[in-house]
Amino acid sequence: MPRRQPLPRLWMMTDERQGERLWRALHRLPRGSGVVFRHYSLPPNERRALFRRVRTIARSRGLLLLLAGPPDQARLWGADGSHGRRGPGTSGAGLRSAPAHDLPEIRKAEARGADLIFLSPVFPTRSHPGAKSLGPVRFGLLARQTRLPVVALGGMDARRARSLAGLGIHGWAAIDAWSD
């Protein structure tokens, strides 16, 4: 699949908890990073308006932008691709990422044509309080079960990403590491 830029190693997942910190976080991301626009709870018109604002910043800063949603919607909204558990969409819909928390979800992502997997939660995270984390060993074992690039998510920051370097990660993603 043709890409305008290399597959990012650094990612930010957007989240309603960011509030106004979202704008600062977008400017903290290094050029060439990726953004997964989520903001699921917003009404459709507000979500699309916020997406447009994020897209403007992403374009000006050389960030790859994925829309959490169907590939067809991502193409319509002008995203670089989509994020989610859906099957194949319209051709030319861009990069496709998928979330995974275990081996069956990794296999489903592969079968649905994902280009990239966000494997989580590696560590305890504020966005899912009380959720059981994989830990480095289980994360590493799962990451080695696929040929797809794996991005570590969940309680991640640069220091923790370095600690996972030998475990087969392509990169890492966070919310709070970019927003705090």
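Everything below is about the structure shown above.
Residues numbered from 1 in each chain as written. Predicted model: local features only at pLDDT ≥ 70, side-chain atom pairs only at ≥ 80, totals over all residues. Heavy atoms only, no water.

### A short note on the overall build of the protein
Test applied: Secondary structure elements follow DSSP: runs of H or I of four or more residues count as helices, runs of E of two or more count as strands, with numbering from the N terminus. This radius of gyration counts C-alpha atoms alone. The globule rule is 2.2 Å times how many residues there are, raised to the power 0.38. Contact criterion: two residues are considered in contact whenever any of their non-hydrogen atoms come within 4.5 Å of each other. Just so you know, the count uses Lys and Arg for positive and Asp and Glu for negative, and it drops His and the chain ends. Taken as the charge location is NZ of Lys, CZ of Arg, CG of Asp or CD of Glu.
Looking only at helices and strands, the protein features 7 helices and 8 strands. A compact globule built from 180 residues should have a C-alpha radius of gyration of about 16 Å, and the protein, at 15 Å, falls within 12% of that. Taking the intrachain contacts of the protein between residues at least 6 apart in sequence as the baseline, contacts between residues at least 24 apart amount to 52%. Of the charged side chains in the protein, 31 are positive and 13 negative; the average position of the first set lies 4 Å away from that of the second.

### Overview of the nonpolar core
The cut-off we apply is this: The definition of a nonpolar core used throughout is a set of buried Ala, Val, Leu, Ile, Met, Phe, Trp, Tyr and Cys residues joined through side-chain atoms within 4.5 Å. Each residue is placed in one exposure class: buried if its accessible area under a 1.4 Å probe, protein chains only, is under 20% of its type's maximum, exposed if it is over 50%, and partly exposed if it falls in between.
If you look at the biggest cluster of nonpolar residues, it comprises 42 residues, and the most contacted ones within it are L26, L119, F139 and L164. With 5 residues, the single largest contributor to this core is helix α2 (residues 44-61). In this view, L164 contacts V122, F123, P136, F139, A152, M156 and I169; residues no more than four positions away in its chain are not counted. Ranked by size, the runner-up nonpolar core spans 14 residues in total, among them V36, L64, L66 and L153.

### Quick notes on the environment of A79
Tracing the sequence through the fold places A79 in the loop between α3 (71-77) and β4 (81-83). Excluding residues within four positions of it along the chain, A79 makes contact with F51, R59, L65, L67 and A74.

### What about the packing of aromatic side chains?
How we decide: When two rings of Phe, Tyr or Trp (its six-membered ring) have centres within 6.5 Å they constitute a pair, described as stacked for plane angles under 30 degrees, edge-to-face for angles over 60, and tilted for the intermediate range. Criterion for a charge above a ring: Lys NZ or Arg CZ within 6 Å of the ring centre, and within 35 degrees of the ring normal.
In the structure shown here, the tally under the stated rule is 4 aromatic pairs. A ring pair is formed by W11 and F118, whose centres lie 5.3 Å apart and whose planes are at 85 degrees; its orientation type is edge-to-face. Of this pair, W11 sits in strand β1 (residues 10-13) while F118 sits in strand β6 (residues 116-119), and the two are 107 residues apart along the sequence. The rings of F37, F51 and W77 are connected pair by pair, giving a single aromatic cluster. A cation over a ring is seen here: R160 above F123, with NZ or CZ 4.3 Å from the ring centre.

### Observations concerning the sheet that holds strand β2 (residues 34-37)
Condition: Each pair of strands is called paired provided DSSP finds at least two bridges between the two strands. The convention used is that axes are lines fitted to C-alpha atoms, helices contributing only their stretch in contact, and that angles between N-to-C directions extend from 0 to 180 degrees.
Reading around the circumference, β1-β2-β3-β4-β5-β6-β7-β8 is the order of the 8 strands in this closed barrel, with parallel pairing throughout. Going across the sheet, the axis of each strand differs from the next one's by a mean of 25 degrees, ignoring polarity. Judged from the 3 bridges that link them, β1 and strand β8 (residues 171-174) form a sheet pairing that is parallel. Opposite M12, over in β8, you have A174 as the bridge partner.

### A word on the pairing of β8
Keep this limit in mind: Every crossover in which the path from the first strand over the helix to the second runs clockwise, viewed with the strands pointing away from the viewer, is termed right-handed.
Burial along β8 is two-sided: G171 and A173 and W172 and A174, pointing in opposite directions, are all buried. Of the pairings in the sheet, the one linking strand β7 (residues 150-153) to β8 comprises 3 bridges and is parallel in character. The residue bridging A152 from the neighbouring strand is W172, located in β8. Note on the crossover from β7 through helix α6 (residues 158-163) to β8: the handedness is right-handed.

### Details of helix α1 (residues 21-28)
Rules: Read the arc as the range of directions from the helix axis to the C-beta atoms.
Within α1, the full set of buried residues consists of L22, W23, A25 and L26. Buried positions in α1, seen along its axis, are confined to an arc of 160 degrees and lie on one side of it. Next to the buried residues of α1 lie β1, β2, α2 and α7 (176-179).

### What about helix α5 (residues 135-143)?
Among the residues making up α5, those that are buried are G135, F139, G140, L142 and A143. The buried residues of α5 all sit within an arc of 165 degrees when viewed along its axis, so they share a single face. Opposite its buried face, α5 presents the exposed residues V137 and L141, each directed more than 90 degrees away.

### Some thoughts on the environment of R24
Position of R24 relative to the elements: it lies in helix α1. Considering only alpha carbons, one finds R24 and G168, 144 residues apart in sequence, at a separation of 30 Å.

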